[in-house]
Each structure stands twice: as structure tokens, then as C-alpha cells.
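Breakdown of the fold
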Amino acid sequence: MAVRDLKKSEAAKQELLKSTGREESSVEVWLLDMDSYASVKSLASRAAVLPRLDALSANAGLATNTFIVSEEDEGTITVNVVSTFLLIALLVPKLRDSAAKFNITPRITIPSSALHYIASLGQLNLHYDYESSIFESINNKEATNMMGRYPLSKLLVFFGVRAFAHQFARSKAPLIIINTPNPSFCKSQLTREMDNAGLRVSEKLLARSTEEGSRALVHAIMADEKSNGQYLTNCQIHSPSCIVTDGKGFMIQEAFFVELVAKLEKIAPGVTTCL
């Protein structure tokens, strides 16, 4: 488990060990703050010396109504998008090494959200000339509606997952499956910064338990090659928003991927050569 709070996570570890009857060594707790590129790099370096790495569930996420710059982007974009794909790119060599040594097909999953269906395209600011910067647009505080920032971040995750899947599928290196499962509305601390009476009532009446939501993540880790680049909901491949799959969406995806690769290279030179 990669976590921000070692004390809280140690309690979670003990609960897991107690409920499963597994030995102490079966769960390790590592420090990771997705708000920090240095922390992401540190965890990736630690993972690189593991005997093997079969899968990554990139489950960290931020939902907030407050615009705060983190590293060089608005915090939701840093945590949900840039740091997530930075971690993935850093771990690809280890995943491929494990695939070759142990004859496995590694998996990467990034949880998505049905809220991507309502994401606004206004701030993607793309004119199909590759001269307009998507990241500059979404980092414009005056033009940002933070109520729509979480859905937008999940739409960008879709574009990233589909682009990475395309790169993985055409590579001559061992295949890595990457997909994006939707655990649906779950009881969690994700919306703690947006707490209000209406949200609490909705969560009580409509939200799945954390365990129920986790089943979608487990399914995604086990899903076969057909799931590569796909949106999974209720443990089935499902169609994402049409903006992800239509011609305009494809052009946005291409432009976003170019910018994302440039940003990742700036953070960790050479990191995308494995894609």
C-alpha cells in the first residue's frame, strides 16, 4: 500500500492481516504523496528493486473546490493526472522486466468516474493546431470552475489511458494492460473537502460500501487483454462519453498526450522512452 499517512495506514494493514489471516510480511506500507513529484520518484525507485511487480492500482485521487497550485499545475490535475501518469511511466520498465522473467501480463488500473460524462470541454482550449496549450488553459484560475474540475481530471485520465494503451499495444516489449474501472459512488474520504449536508445524505442513501467499490478495482486488475484502454463499469467493458471516442475527442487526446509526454520528460528526463 502506498499512502500519505503511515500511522493511519498501519491500522489498515493490521485490519487486513486480521481479516485475511495472512502473515505480517504479506502487506507492506510505503510512503507516497502524489502531490509531490519527488515522492513519486522515490516510491518508483523503491519499487524498481522488488523481486517482481505484477500490477499497479493507481487509486489516489483528489476532489476539491479550492484552486491551489501544486508543483506546476492546479492540485487536482497534479494528483489525478500528472503524478499518476508519472508513476506509471516510471514503473513500466519494472513491469516489463517482471513480464519477461515470470511470463506474466502486468496490469495497470486508474479508477475513473461516471462524472467524466459531464466534464466541460471549455478549458481544453484546443484549436487543432497544437499551438494552444491544454495545461495552460486548465491552469488559468480566473477561467476555472472548480466544481467541474474533478470530472475534467477524470476525462483527462481517459485520454491518457487510451494513449498509453495504444503505445503498449504497438510496442515489441511484453504487453502491459492498462484500463480504467469505475467503482461508482462509494463511501470514502474523497469528498472530505467538499462536505455538505446534501452530499452526506446522498452518500448514506446511494453510495456503495468501500468493499463493494473495491470489487471493481480487483476485477480491473484481473481483466484480460480485451480491457486494454477500456472503461470498465460494474465489471464490464462499457462505452465512455462520446467525447472520448469521436473525432474531436481523438484530436484532443493526441494533443493532450503530446503535452503530457513533454511535461513528464521535464519532470524526469527519459521517462517516456519506455512507452
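Our structure is the block above this text.
Notes on the structure follow. Note that the structure is a prediction, hence the values are computed from the model and not measured.

**Some details on the overall build of the protein chain**
Assigned secondary structure in the protein chain consists of nine helices and nine strands. Computed over C-alpha atoms, the radius of gyration of the protein chain comes to 18 Å, within 12% of the 19 Å expected from 2.2 N^0.38 for 275 residues, which places it in the range of a compact globule. Projecting the C-alpha coordinates of the protein chain onto the three principal axes gives extents of approximately 55 × 50 × 35 Å. Across the 275 residues in the protein chain, those meeting the buried criterion constitute 46%. Long-range pairs, those at least 24 residues apart, make up 73% of the contacts in the protein chain between residues at least 6 apart in sequence.

**Some remarks on the sheet that holds strand 3 (residues 55-57)**
Sheet architecture is open: five strands sit in the order 3-6-7-8-9, paired in mixed fashion. Either end of the sheet is taken by a strand with one partner, and the two such strands are strand 3 and strand 9 (236-238). With strand direction ignored, the average angle separating the axes of adjacent strands in the sheet is 35 degrees. Note: strand 6 (residues 107-109) against strand 7 (residues 177-182), three bridges, orientation parallel. Of the residues in strand 7, the one forming a bridge with isoleucine 108 is isoleucine 178. Contacts from helix 5 (residues 149-170) reach strand 6, strand 7 and strand 8 (231-233) within the one sheet, and its direction differs from that of strand 7 by about 155 degrees.

**As for the packing of aromatic side chains**
Counting across every chain of the model gives six aromatic pairs. With centroids separated by 5.1 Å and ring planes inclined at 65 degrees, the aromatic side chains of phenylalanine 158 and tyrosine 231 adopt a geometry described as edge-to-face. Linking phenylalanine 158 in helix 5 with tyrosine 231 in strand 8, this pair joins segments that are 73 residues apart in sequence. Residues phenylalanine 158 and tyrosine 231 agree in their burial class; the two are buried. Among the aromatic residues, ring-to-ring pairing joins Phe85, Phe164, Phe168 and Phe257 into one connected group. Just above the ring of phenylalanine 102 sits the side chain of arginine 52; from NZ or CZ to the centre is 4.3 Å. The ring of phenylalanine 135 is capped by lysine 263, whose NZ or CZ atom sits 4.6 Å from the centre of that ring.

**Describing the side chain of serine 98**
Tracing the sequence through the fold places serine 98 in helix 3 (residues 75-102). Non-local contacts of serine 98, meaning those with residues more than four positions away in its chain, are made with Arg52, Leu53, Asn103 and Ile104.

**Some points on helix 9 (residues 247-267)**
If you check helix 9, its first and last C-alpha atoms are 30 Å apart, about what 21 residues at 1.5 Å a residue would give, namely 30 Å. Of the residues making up helix 9, those classed as buried are Gly249, Ile252, Gln253, Ala255, Phe256, Phe257, Glu259, Leu260, Lys263, Leu264 and Ile267. Looking at the buried positions of helix 9, the neighbouring elements they touch are helix 2 (37-47), strand 5 (73-74), helix 3, helix 4 (134-138), helix 5 and helix 8 (242-245). Where helix 9 begins, one side-chain oxygen reaches toward the backbone nitrogen of lysine 248, 3.3 Å away; that side chain belongs to aspartate 246.

**So, the packing of helix 2 against helix 3**
Between helix 2 and helix 3, whose axes approach to 9 Å, the crossing angle comes to 25 degrees. Comparing the axis directions of helix 2 and helix 3 gives the class roughly parallel. Crossing angle aside, the handedness with which helix 2 passes helix 3 is right-handed. For the pair helix 2 and helix 3, the contacting residues are Tyr37, Val40, Lys41, Leu43, Ala44 and Ala47 in the first and Thr78, Val82, Ser83, Leu86, Leu87, Leu90, Leu91 and Lys94 in the second. Among the residues forming the contact of helix 2 with helix 3, the class breakdown is ten nonpolar, two polar and two charged.

Parameters at a glance
- Residues numbered from 1 in each chain as written.
- Predicted model: local features only at pLDDT ≥ 70, side-chain atom pairs only at ≥ 80, totals over all residues.
- Heavy atoms only, no water.
- Helix = DSSP H or I, 4+ residues; strand = E, 2+ residues; numbered from the N terminus.
- Rg over C-alpha atoms; globule rule 2.2 N^0.38 Å.
- Buried < 20%, exposed > 50% of the residue type's maximum accessible area, 1.4 Å probe, protein only.
- Contact = heavy atoms within 4.5 Å.
- Pairing = 2+ DSSP bridges.
- Axes fitted to C-alpha atoms, helices over the stretch in contact; angles between N-to-C directions.
- Phe/Tyr/Trp six-rings, centres within 6.5 Å; stacked < 30°, edge-to-face > 60°.
- Lys NZ or Arg CZ within 6 Å of the ring centre and 35° of its normal.
- Expected span 1.5 Å × (residues − 1).
- Polar contact = N/O pair within 3.5 Å; in protein donor to acceptor, adjacent residues only side chain to side chain.
- Parallel < 35°, antiparallel > 145°, perpendicular 65-115°, else oblique.
- Left-handed = near helix turned anticlockwise from the far one by under 90°.
- Nonpolar A, V, L, I, M, F, W, Y, C, P; charged D, E, K, R; others polar.

As far as function goes, none of this settles anything; it's purely spatial.
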